[in-house]
Amino acid sequence: MRQSFFGSVYLRFNLSHLFLWLVSILIVSIFTGFIIYSSNYWQIQRYLKTLAFVAVHFLEQNPDFQNEDPVKMQSVKEEIGRIFSSEANLGWTIFNPQGAAISTSSESLPSAGDPEIIEALQSESGESEKIRKNSAGDNILYLASRIEQENQIRGVVRLEYSLQPALQAARTSIILFFVLVGSVTLVIGGLSFISAKNMSEPIEAITKTADQIAHGDLEARVAISEKIPEIAYIGQAFNQMADRLQVQVAELRSFVANASHELRTPLTVIKLRIEALRNGAVDEPEIANRFLAEVEGEVDRLSRMVGDMLDLSRLESGLSTSQRTIVDMNNIICDVRDTMKVRAERANISIYCEVEEGLPPVFGAEDQLRRMLYNLVDNSIKYTTHGGNVRITLQTGEQPDTILLTIQDTGFGISAEQLPHIFERFYRVEATRPRYGPPQGSGLGLSIAKSIVDSHGGKIWATSELGKGTTFFIQLPILKV
């Protein structure tokens, strides 16, 4: 059903656009006013510090400013007046070391005890500045600077400057800025209402399609309109996202189905063995021990399968917490070879390693790369005949800035029909080739290896020939210095 005008995307887009524009302008206006005021204040402050420095230097060279002789004090006052004559809004006062005023540009001497005077006399920097209102309610900047001679405090000179001109200039600039912004806002508002009408229809179409997908219609797609290229690009991106979502949902359903099938078998075995034990097998020690061993084995298998599924899920979702560092693949190869050596010897299988010298390291998660190699070598040993061999080779890759790792075995091999599927989750080829070594795993080892390689920006593939063995190739990018 068509939405009313007040509930349409058209109106909501315009109102939200204008609201964001007004909020942005308000923030910019406040920031602009602050910058204008701060800039004026900074210039005034710098100018006053320069004048204060000149005055302090003059007084430090002329000790007569503390003389009780009215003639000499008048001479000092006239000289100070000449220093500050360029600024009409500037007042000044000289204080003695006790903080009492002894000379001023105003008609009467101010009272002692002002905070900037005390701070200038006591602070290490010898300077202080404060902003206070005077009797007329104007903001006055008071800048006090200490007078010293031979490391002795001789007094303080304080400059008094009204900030009203600076504030007035800031107000004028902000008012002009708001007038300009108001005019621009009216123009932008009109253009926005015109353009939003053309944009609302494809946006409503995308919203409707998203709602269809949310309600389970994964086949729904957006009709692409080329009127506005940006909206057309959004529509294309939305359709691509919907395609990926449909594929991922299909993969998830397949994963759930495969996982359910894989979990059902060991659970069935466990249930049958428990039922047998309850029905009397527990009274026969030999049979009971065998059934308990089978149950324990199936529980271990379930534990490994669940662990592999969790690891694969973390790798594919990017949630792995492994820290990436500079990794020397030669060290990983040596460690995996030493780990698998005893098992290979028991199966009468030889393991050979060939590593090209001077290969650069890679940047990655060492524990993940180690597990990837372990899975591949374990798979090669498992499906290699007794008396065969497994060869691990590391060399410079054919692609620039890569290294190539190969694991070659002399096992039974994989048929050409099954080879494209070996990296799929829960895919096994036991039905067509014999297996040597321990019981079958979770069916996730090669999937985990591929996810690890993909997460490191590499590539993995395999070649095989029935009766002659299988070779896995892993291409990894090197660390660029």
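Residue positions are counted from 1 within each chain, in the order its sequence is given. Residues qualify for local features only when their pLDDT is at least 70, as the model is predicted, and side-chain atom pairs are given and counted only at 80 or more; totals for whole chains, interfaces and linings, by contrast, use all residues. Note that water and hydrogens are dropped before the side-chain values are worked out from all heavy atoms of the structure.

Re a nonpolar patch on the surface
Candidate patch residues must exceed 30% relative accessible area and have no salt bridge, after which like charges are joined if within 9 Å and Val, Leu, Ile, Met, Phe, Trp or Tyr side chains if within 5 Å. Only the protein chains shown count as cover for residues, and all accessible areas are computed by the Shrake-Rupley method using a 1.4 Å probe. By convention in these notes, a salt bridge is any Lys or Arg side-chain nitrogen within 4 Å of a carboxyl oxygen on Asp or Glu. Judged by side-chain polarity, Phe19, Leu20, Val23 and Ile27 come together as a nonpolar surface patch covering roughly 400 Å² of accessible area. Numbering goes from the N terminus for both helices and strands, where a helix is a DSSP run of H or I of at least four residues and a strand is a run of E of at least two. One can find Leu20 in helix α1 (residues 9-61). Throughout, exposure labels follow a simple rule: accessible area from a 1.4 Å probe, protein chains only, divided by the maximum for the residue type, with under 20% read as buried, over 50% as exposed, and the rest as partly exposed. Judged by its relative accessible area of 54%, Leu20 is exposed.

Some points on the pairing of strand β3 (residues 127-133)
Sheet topology note: the β3/strand β4 (residues 139-149) ladder contains 7 bridges and is antiparallel. Across the sheet, Arg132 pairs through a bridge with Ile140, a residue of β4. The hairpin formed by β3 and β4 contains 5 residues between the paired strands, and Gly137 there has a positive phi angle of roughly 90°. By this definition, two strands are paired if DSSP reports at least two bridges between them.

Some details on the side chain of Asp114
Looking at where Asp114 falls in the secondary structure, it is placed in the loop between β2 (101-104) and α3 (115-122). Aside from chain neighbours lying at most four places away, what touches Asp114 is Arg132 and Arg158. In what follows, a contact means two residues having at least one pair of non-hydrogen atoms within 4.5 Å.

Remarks on the nonpolar core
For the purposes of this section, nonpolar cores are sets of buried Ala, Val, Leu, Ile, Met, Phe, Trp, Tyr and Cys residues that join through side-chain atoms within 4.5 Å. Counting residues in hydrophobic clusters, the biggest one holds 47 residues, and the most contacted among them are Met329, Leu369, Met372, Leu376, Leu405 and Ile474. Each residue touching Ile474, except ones within four places of it in the same chain, is listed here: Met372, Leu376, Ile403, Leu404, Leu405, Ile407, Val453, Lys459 and Ile460. Core analysis: the next-biggest nonpolar cluster, separate from the first, contains 23 residues, Val56, Ile80, Ile83 and Trp92 among them.

Considerations on the packing of aromatic side chains
Ring geometry is summarised as follows: Phe, Tyr and Trp rings, the Trp one being its six-membered ring, pair when their centres sit within 6.5 Å, and such pairs are stacked at plane angles under 30 degrees, edge-to-face over 60 and tilted between the two. Counted by the stated rule, this structure contains 2 aromatic pairs. Judged by centre distance (6.2 Å) and plane angle (75°), the rings of Phe423 and Phe472 are edge-to-face. Of the two residues, Phe423 is situated in the loop between β10 (402-409) and α9 (445-455) and Phe472 in strand β12 (residues 469-477); the sequence distance between them amounts to 49 residues. The two residues Phe423 and Phe472 agree in class, both being buried. Relative to Phe473, the ring of Trp461 has its centre 5.4 Å away and its plane inclined at 10°; by these criteria the two rings are stacked. Here the residue Trp461 occupies a position in strand β11 (residues 459-465), and Phe473 occupies one in strand β12, the gap between them amounting to 12 residues. By relative accessible area, which is 32% here, Trp461 ends up partly exposed. Positioned above the aromatic ring of Trp461, the side-chain terminus of Lys459 is 5.8 Å from the ring centre. Here, a charge over a ring is recorded when the distance from Lys NZ or Arg CZ to the ring centre is within 6 Å and its angle to the ring normal is within 35 degrees.

Things to note about the pairing of β2
Pairing geometry for strand β1 (residues 90-95) and β2, over 3 bridges, is antiparallel. The partner of Phe95 across the bridge, within β2, is Ala101. From the end of β1 to the start of β2, which pair antiparallel, there are 5 residues, and Gly99 there has a positive phi angle of about 90°.

Nothing here speaks to function; it is all geometry.
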